[in-house]
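What the coordinates show
Residues per chain are reported as follows:
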Amino acid sequence: MPSLRRLRLVLWGAVAFALLFAVGLTAASLVERLAPRLPSVGEASVGGPFELTTEDGTRLSSASLAGRPFALYFGFTHCPDVCPTSMFEIAKVLEEVGPAAADLKVYFVTVDPARDTPDLLRDYTDSFDPRIVGLTGTEAEIAAVARAYRAFYRKVPTSGGDDYTMDHSTMIYLMDARGRFVTGLGHQEAHGSKVEKVRRLLAGAG
Amino acid sequence: MTFDRRSLLLAALVLPAAPAFAQDGIRAGDLAIGAPWTRATPAGSRVAGGYMTIRNTGSEPDALVGGSLSVAGRVEIHEMAMADGVMRMRELPQGLVIPPGGSVELRPGGFHVMFLDLAQPLRQGDRVTGTLRFRRAGEVRVDYTVQAMGAGPDGRPQGHGH
Ligand SMILES: [Cu+2]
């Protein structure tokens, strides 16, 4: 009965193929789940050109930042906890790094341009450190810079009439003198580690 | 510190009037509310979070459903969570349940009383008066101590440089 044997072989082959396929799928989804979703060191696609409005009402093009490292954060002034603590912390970090950080700018890009006017942003950022500079723009400009930096934000309505809050990424991006992403400072990262990363950024070693 | 937890507990039982325990002793029916605090706000910000511990010594669940603050236009009960580096904040429309025999901690990064439309900035060292509204225990008056802007989850300034 050679044909029956052949059929059996074909069936076993199909089973083996299905098994391999399942194993492959599981492995792929595992890899996806374990892989960090935040950009990591050396990821060339984080960052990119942007054009926004500063807290002084002037326009800022990322091209004008060439030659100097900078830091960038996405937040909003109606944030009760993470934004003020992050800005308070980065101000302390700059203070500890000392003169090397004298010219380092930390751009606070609002994800809530409807409420965060340039004037409000200036008051807000200056209460932490003059080196923190508020940036705003049109909805489209904010969306574009967030996309370039792979940052996440979303408007979430609350019960108080037409009030809302914002979900948003909390990382501070450290960008080198050529506008390339070097590393990020996490919201819960230890102070000493942040100081070290900023020092390395300014030393040009990344 | 030479005291372990048990001797502290014993001290608490033996010395119920000790000042450390008197200051966070807000009682409201079956609820004990510990040391409410908030943070100094940066210029321009019109929001802040209220933090405390609420213990339910009774046999029925209660829920924190609202409140007020003298300098806030509005108060909501919120939950915050961090996942994949993203901060998400949600209102708890059903309130925050305090289980019988249990306690719930309101702290930065987690549950908080959300103060909205602040009429003035909160300054470190100030005390601001408000109320908390519970489903069973009703309206309770609380005083929040305003801590530093960088105060950590325990209400104390976060150490830096170590
Ligand atoms: Cu909130």
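Refer to the structure presented above.
The text that follows walks through the structure, step by step, so that each part is easy to find.

Cut-offs applied
Residues numbered from 1 in each chain as written. Chains lettered and ligands numbered in written order. Predicted model: local features only at pLDDT ≥ 70, side-chain atom pairs only at ≥ 80, totals over all residues. Heavy atoms only, no water. Helix = DSSP H or I, 4+ residues; strand = E, 2+ residues; numbered from the N terminus. Buried < 20%, exposed > 50% of the residue type's maximum accessible area, 1.4 Å probe, protein only. Contact = heavy atoms within 4.5 Å. Axes fitted to C-alpha atoms, helices over the stretch in contact; angles between N-to-C directions. Parallel < 35°, antiparallel > 145°, perpendicular 65-115°, else oblique. Left-handed = near helix turned anticlockwise from the far one by under 90°. Arc of directions from axis to C-beta. Pairing = 2+ DSSP bridges. Donors = N, O, S within 2.8 Å, 3.2 Å for Na, K, Ca; no water. Tetrahedral: all angles 85-135°; square planar, octahedral: opposite > 155°, others 65-115°. Core = buried A, V, L, I, M, F, W, Y, C linked by side-chain atoms within 4.5 Å. Phe/Tyr/Trp six-rings, centres within 6.5 Å; stacked < 30°, edge-to-face > 60°. Salt bridge = Lys/Arg side-chain N within 4 Å of Asp/Glu carboxyl O. Buried area = accessible area lost by both parts, 1.4 Å probe. Polar contact = N/O pair within 3.5 Å; in protein donor to acceptor, adjacent residues only side chain to side chain. Nonpolar A, V, L, I, M, F, W, Y, C, P; charged D, E, K, R; others polar.

Check the secondary structure of chain A and you find five helices and nine strands. Helices and strands appear in chain A in the N-to-C order α-β-β-β-α-β-α-β-α-β-β-β-β-α. Here chain A, with 206 residues, has 46% of them falling under the buried criterion. Taking as baseline every contact in chain A between residues at least 6 positions apart, the subset at least 24 positions apart corresponds to 67%.

All names here are of chain A. The interhelical angle for the contact between helix H2 (residues 82–97) and helix H5 (residues 191–203), taken along N-to-C directions, is 60°, at an axis separation of 9 Å. Regarding the angle of H2 to H5, the classification is oblique. Both H2 and H5 take part in a crossing whose hand is right-handed. The residues of H5 that touch H2, namely those facing Glu89, Lys92, Val93, Glu96 and Val97, are His191, Lys194, Val195, Val198, Arg199 and Leu202.

Here we come to helix H3 (residues 118–126) of chain A. An α-helical segment advances 3.6 residues per turn. Residues three or four places apart therefore align on the same side. All names here are of chain A. The complete set of buried residues in H3 reads Leu120, Leu121, Tyr124 and Thr125. Down the axis of H3, the buried set is contained in an arc of 120°. They therefore lie on one face. Among the structural elements, H2, strand E4 (105–110) and strand E5 (132–136) are those in contact with the buried residues of H3.

Let's shift gears to the pairing of strand E6 (residues 86–91) of chain B. In this structure, strand E7 (residues 164–169) of chain A lies alongside E6(B), joined through two bridges in antiparallel fashion. Residue A:His168 lies in a different strand from E6(B), and its bridge partner there is B:Met87. For strand E5 (residues 72–83) of chain B and E6(B), the ladder comprises six bridges, and the chain directions are antiparallel. Its bridge partner being in E6(B), B:His78 is matched across the sheet by B:Glu91. The antiparallel pairing of E5(B) with E6(B) creates a hairpin that spans two residues between the two strands, and B:Asp84 there sits at a positive phi of about 55°.

Okay, the coordination of the copper ion next. Distances from the copper ion to its protein donors, B:His78 (ND1), B:Met89 (SD), B:His112 (NE2) and B:Met114 (SD), fall within 2.1 to 2.4 Å. Here the copper ion binds four donor atoms, and the angle range of 101 to 120° at the metal identifies the geometry as tetrahedral.

Time to look at the nonpolar core. With 88 residues, the main nonpolar core has A:Phe50, A:Phe74, A:Tyr149, A:Tyr173 and B:Val113 as its most contacted residues. Here the element with the most residues in this core is H2(A); it accounts for eight residues. When neighbours within four sequence positions are excluded, A:Tyr149 is seen to be in contact with A:Val46, A:Gly47, A:Gly48, A:Phe50, A:Phe70, A:Leu72, A:Phe74, A:Tyr173 and A:Met175.

Pairs of aromatic rings are described using the distance from one ring centre to the other and the angle between the two planes. Taken as a whole, this structure holds 11 aromatic pairs over all chains when the rule is applied. On the numbers, 5.3 Å between centres and 75° between planes, the contact of A:Tyr124 with A:Phe128 is edge-to-face. With a relative accessible area of 0%, A:Tyr124 lands in the buried category. For A:Phe128, a relative accessible area of 12% gives the class buried. Measuring from ring centre to ring centre gives 5.1 Å for B:Phe115 and B:Tyr144, while their planes differ by 80°; the resulting arrangement is edge-to-face. Of this pair, B:Phe115 sits in strand E9 (residues 112–118) while B:Tyr144 sits in strand E11 (residues 138–147); the two residues are 29 residues apart in sequence, bridging distant segments of the chain.

This part takes up the pattern of salt bridges. Overall, the coordinates contain 18 salt bridges over all chains when judged by the stated rule. Here A:Asp81 and B:Arg39 are joined by a salt bridge, their closest N and O atoms 3.0 Å apart. Highlighted residues: A:Asp81 in the loop between strand E3 (70–75) and H2 and B:Arg39 in strand E2 (residues 31–39), drawn from two different chains. Accessibility assignment for this pair places A:Asp81 and B:Arg39 in one class, buried. A salt bridge links B:Asp117 to B:Arg74; the shortest N-O distance between them is 3.7 Å. In this pair, B:Asp117 sits in strand E9 while B:Arg74 sits in strand E5, placing the two residues 43 residues apart along the sequence. Assessed through its relative accessible area of 36%, B:Asp117 is described here as partly exposed. Under the relative-accessibility criterion, B:Arg74 is labelled partly exposed at 24%. A single network of salt bridges, built from pairs that share partners, joins A:Asp112, A:Arg115, A:Asp163, B:Arg74, B:Glu76 and B:Asp117.

As a further point, take the interface of chain B and chain A. Taken together, the contacts link 30 residues of chain B with 37 residues of chain A. Approximately 2600 Å² of surface area, both sides summed, lies buried where chain B meets chain A, with 59% of it carried by carbon and sulfur atoms. Linking chain B with chain A are three salt bridges. Along the contact surface separating chain B from chain A lie nine residue pairs in polar contact (both at pLDDT 80 or more). Sort the elements by how many residues they give to the side of chain B that touches chain A and E6(B) lands first, with six residues. Classifying every residue of the side of chain B that touches chain A by side-chain character gives 14 nonpolar, nine polar and seven charged.

Moving on to the pairing of strand E8 (residues 172–175) of chain A. Residue and element names in this part refer to chain A. Burial along E8 is two-sided: the residues Ile172 and Leu174 and Tyr173 and Met175 are all buried. Relative to strand E9 (residues 181–185), E8 is paired through four bridges, and the arrangement is antiparallel. Residue pairing in the sheet places isoleucine 172 in a bridge with leucine 185 of E9. Between E8 and E9, which follow one another and run antiparallel, lie five residues, and glycine 179 among them has a positive phi close to 75°.

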